[in-house]
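Here are the chains, one letter per residue:
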Amino acid sequence: MAFLTTHKNKTPLGIYVHVPFCRSKCQYCDFYSLANHDEQQTDDYLDAICRHIKETGPLAPNYYVDTIYFGGGTPSFFGAEGLAAILTEIRRSFDVAGDAEITFEANPDSVESHLLKRLRAEGFNRVSLGIQCDDNEILSKIGRPHTYEEAVEAYNRIRKAGFRNVSVDLMFGLPGQSLTAWTNTLENVLQLNPEHISCYGLKVEEGTPLYEYKDFADLADDDTQADMYLAMVDILKEHGYRQYEISNFAKRGKVSRHNLKYWMGMEYIGFGPDASSDFAGKRYTYVRSLTDYVNGIREGGQIVSEISEIPIRERAGEYLMMRLRTIGGINKEEYESSYLLPFAPLEKILETNRDLDLTRCDNGRWHFTPKGFLVSNTIISDLLLAQDESKPLAKRR
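Keep in mind it's a predicted model, so treat the numbers as computed, not measured.

Student: What am I meant to see in the overall build of the chain here?
Tutor: The number of helices and strands found in the chain is 17 helices and 15 strands. The C-alpha radius of gyration computed for the chain amounts to 22 Å, which stays within 12% of the reference 21 Å derived for 397 residues, consistent with globular compactness. When its C-alpha atoms are laid out on the principal axes, the chain stretches across 60 × 50 × 45 Å. Per-residue burial over the chain gives 52% buried out of 397 residues. Counted over contacts in the chain with a minimum sequence separation of 6, partners at least 24 positions apart contribute 71%.

What follows is the structure, encoded as structure tokens:
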């Protein structure tokens, strides 16, 4: 009861820590990360981020932290000592719930038993393991520094260390990957029996190495990716995984509580270069440079690259874009009471797409079907246009 009383009048908050270090850079990756770095850079990063956390904590006295997520980069490559030090500083500086979900991302090549045991002892209780696929030739093509066999060994070490909440990341539409190869990957990974699976279709981003030779990489076309997606939804459903977001599937009670914050429009604070935050009515992003981030914190200089207050109509648009990523979808009463905009123009579009088996309404909540997720960007664009053209409702007295 004491725990409940402590947080009774406080707002839940997520914390994201960006660890920008990797053993090597994947061919498709456009996240801010450094494959070539030295010990001085990692020491400087650790000192700066702990100082940043300590300075930020007093700004959130009316919040309690219920999710912490270490992403990257490759947090496991950074090592147990550094991750433990950052988590300790978070606990010192923020009010962290006793049942907080605390996740770290890992690549198979940097998952060692001593790291897992240390992090488990420190309170980490969830691991997100990047496997991507079970074909070693494809893994090599996309620059992954591990084989599938090493991924399975890493997964088993995670289990042996006592982690009972494990997510695996997979990708489809990879170079040379057929529909059959993708379904075989799913069937093989399902034998591991993870609690959570994230499946992402390959997107070739400008500025990545893959972008330079995309036309010769034997990539799946849009129709093949669509077939892969729909096959994935069916296979995972058959194995007891509920789809709760466009790319995420979980067993009962094992959704990613942290990622839900992004999709549900809840507040979170990010730390590290290129990390973003949505806190106290403002959205802001830190500089995409480790050097500038470290120097800014040391010298009290500018580390924010972008900052804005989000007008209510823009928040309404975000509600549509983010909530419709989830199976929970959107609701008329929720929308109108929060944003004072009419739902009727949106409902007309949703009803039209229901006739095409692209949307559904369950218990008053509209959401996409699996086929609808494939064309969600087009439908959301129509919804946003209708929203922009709508006039505010009269304020209720």
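Next, the rest of the story.
Student: Would you mind showing me how to read the side chain of Ser33 here?
Tutor: Locating Ser33 in the fold gives a position in the loop between strand E1 (11-19) and helix H2 (39-56). A relative accessible area of 10% means that Ser33 is categorised as buried. Looking at Ser33, its side chain comes within polar contact range of the side chain of Lys25, at 2.7 Å. Excluding residues that lie within four positions of it along the chain, Ser33 makes contacts with Pro20, Cys22, Lys25 and Gly73.

Student: Just checking my understanding: could you explain the pairing of strand E12 (residues 304-309) for this structure?
Tutor: Successive side chains on a regular strand alternate, one facing one side of the sheet and the next facing the other. By the criterion of burial, E12 is predominantly exposed, with just zero of the six residues buried. Where strand E11 (residues 282-286) meets E12, five bridges bridge the pair, whose relative direction is antiparallel. If you follow Tyr284 over to E12, its bridge partner there is Ile307.

Student: Quick question: what am I supposed to make of empty space enclosed by the protein here?
Tutor: Per the counting criterion, the structure on display carries one cavity of 30 Å³ or more. What the largest cavity holds in volume is close to 30 Å³. Residue classes in the lining of the largest cavity are distributed as three nonpolar, four polar and two charged.

Student: Honestly, the pairing of strand E3 (residues 96-106) in this entry has me stumped. Any pointers?
Tutor: Buried residues dominate E3, accounting for eight of its eleven residues. Two elements, strand E2 (residues 63-72) and E3, share five bridges in a ladder whose sense is parallel. Pairing of Thr67 across the sheet is with Glu101, part of E3.

Student: How should the packing of aromatic side chains be read in this particular structure?
Tutor: Two numbers describe a pair of aromatic rings. These are the distance of the centres and the angle of the planes. Scanning all chains against the criterion turns up 20 aromatic pairs. Aromatic rings pair up to connect Phe70, Phe104, Phe124 and Phe163 into one cluster. If you follow Arg120 out to its NZ or CZ, it ends over the ring of Phe163, 5.5 Å from the centre. Sitting above the plane of the Tyr211 ring, Lys214 keeps its charged end 4.0 Å from the centroid.

Student: Explain the layout of surface pockets here, please?
Tutor: Picture a little ball the size of a water molecule; that probe, rolled over the atoms, points out where space is still empty. Taken as a whole, the second largest pocket encloses approximately 360 Å³ of empty space. Forming the boundary of the second largest pocket are 14 residues, of which Lys237, Gln243, Ile327, Arg360 and Pro370 lie nearest the centre. Of all elements in the fold, only helix H10 (222-238), strand E7 (242-245), strand E14 (359-362) and strand E15 (365-368) reach the threshold of two or more residues within the lining of the second largest pocket. Ranked by residue count, the leading element in the lining of the second largest pocket is H10, at three residues.

Student: Whenever I open this one, the pattern of salt bridges confuses me. Can you help?
Tutor: Pairing between side chains of opposite charge can happen when the charged atoms of each approach one another. The tally for this structure, following the rule as stated, stands at 20 salt bridges. Asp95 is the salt-bridge partner of Lys10, the closest N and O atoms lying 2.9 Å from each other. Of this pair, Lys10 sits in the loop between helix H1 (2-6) and E1 while Asp95 sits in the loop between helix H4 (80-93) and E3, and the two are 85 residues apart along the sequence. Residue classification places Lys10 among the partly exposed positions, given a relative accessible area of 26%. Asp95 gets classed as partly exposed once you look at its relative accessible area, which sits at 22%.

Student: Help me understand the sheet that holds E14 in this model?
Tutor: Hydrogen bonds along the backbone pair up the strands of a sheet, which may run parallel or antiparallel. What the three strands build is an open sheet, ordered E13-E15-E14; its pairing is antiparallel. Looking at which strands have only one partner, the edges of the open sheet turn out to be strand E13 (330-331) and E14.

Student: Mind showing me how you'd approach helix H12 (residues 290-299) here?
Tutor: The periodicity of an α-helix, 3.6 residues per turn, causes residues three or four positions apart to be oriented the same way. All of the buried residues along H12 are Leu290, Tyr293, Val294, Gly296 and Ile297. What you see down the axis of H12 is that its buried residues fit within an arc of 165°, all on one side. Residues of H12 that are buried in the fold lie against H2, strand E9 (268-271) and E11. Gly300 lies just past H12 and shows a positive phi near 70°.

Student: Got a minute to help me understand the side chain of His196 in this structure?
Tutor: Following the sequence through the fold, His196 ends up in strand E6 (residues 196-201). When near neighbours in sequence (up to four residues on either side) are disregarded, His196 contacts Arg126, Val166, Ser167, Val168, Tyr241, Tyr244, Asn248, Phe249, Ala250, Lys254, Val255 and Ser256.

Student: Looking at this model, I keep getting lost on the confidence of the model for the chain. Mind explaining?
Tutor: Do not read the fine detail of predicted coordinates wherever pLDDT is low. Across the chain, the average pLDDT comes to 94, with 98% of residues at or above 70. With pLDDT under 50 throughout, residues 1-5 is counted as low confidence; its partners more than four residues away or in other chains account for three contacts.

Student: How do you make sense of the packing of helix H13 (residues 312-323) against helix H17 (residues 376-389) when you look at a structure like this?
Tutor: When two helices pack together, their arrangement is given by the angle between their axes and by how far apart the axes lie. In contact at an axis separation of 10 Å, H13 and H17 are set at 155° when each is read in the N-to-C sense. Here H17 runs roughly antiparallel to H13, going by the angle between their axes. With respect to the hand of their crossing, H13 and H17 are arranged in right-handed fashion. Along the contact surface, H13 presents Arg313, Ala316, Gly317, Leu320 and Met321, while H17 presents Ile380, Leu383, Leu384, Gln387 and Asp388. Considered class by class, the residues forming the contact of H13 with H17 number six nonpolar, two polar and two charged.

Student: Please clarify how the environment of His18 should be interpreted in this entry.
Tutor: Relative to the assigned elements, His18 resides in strand E1. Through-space distance from the C-alpha of His18 to that of Thr74 is 9.1 Å; in sequence the pair is 56 residues apart. Ignoring anything within four residues of it in the chain, the contact list for His18 reads Tyr32, Tyr45, Ile49, Gly71, Gly72, Gly73, Phe271, Gly272, Pro273 and Ala275. There is a polar contact of 2.8 Å between the side chain of His18 and the side chain of Tyr16. At 2.7 Å, the side chain of His18 forms a polar contact with the backbone oxygen of Tyr32.

What counts and what doesn't
- Residues numbered from 1 in each chain as written.
- Predicted model: local features only at pLDDT ≥ 70, side-chain atom pairs only at ≥ 80, totals over all residues.
- Heavy atoms only, no water.
- Helix = DSSP H or I, 4+ residues; strand = E, 2+ residues; numbered from the N terminus.
- Rg over C-alpha atoms; globule rule 2.2 N^0.38 Å.
- Buried < 20%, exposed > 50% of the residue type's maximum accessible area, 1.4 Å probe, protein only.
- Contact = heavy atoms within 4.5 Å.
- Polar contact = N/O pair within 3.5 Å; in protein donor to acceptor, adjacent residues only side chain to side chain.
- Pairing = 2+ DSSP bridges.
- 1 Å grid on protein atoms, 1.4 Å probe; cavity = no way out; pocket = protein on both sides within 12 Å on 5 of 7 lines; lining within 4 Å.
- Points joined across faces, edges and corners; volume = space filled by probe spheres on them.
- Nonpolar A, V, L, I, M, F, W, Y, C, P; charged D, E, K, R; others polar.
- Phe/Tyr/Trp six-rings, centres within 6.5 Å; stacked < 30°, edge-to-face > 60°.
- Lys NZ or Arg CZ within 6 Å of the ring centre and 35° of its normal.
- Salt bridge = Lys/Arg side-chain N within 4 Å of Asp/Glu carboxyl O.
- Arc of directions from axis to C-beta.
- pLDDT = per-residue confidence, 0-100.
- Axes fitted to C-alpha atoms, helices over the stretch in contact; angles between N-to-C directions.
- Parallel < 35°, antiparallel > 145°, perpendicular 65-115°, else oblique.
- Left-handed = near helix turned anticlockwise from the far one by under 90°.

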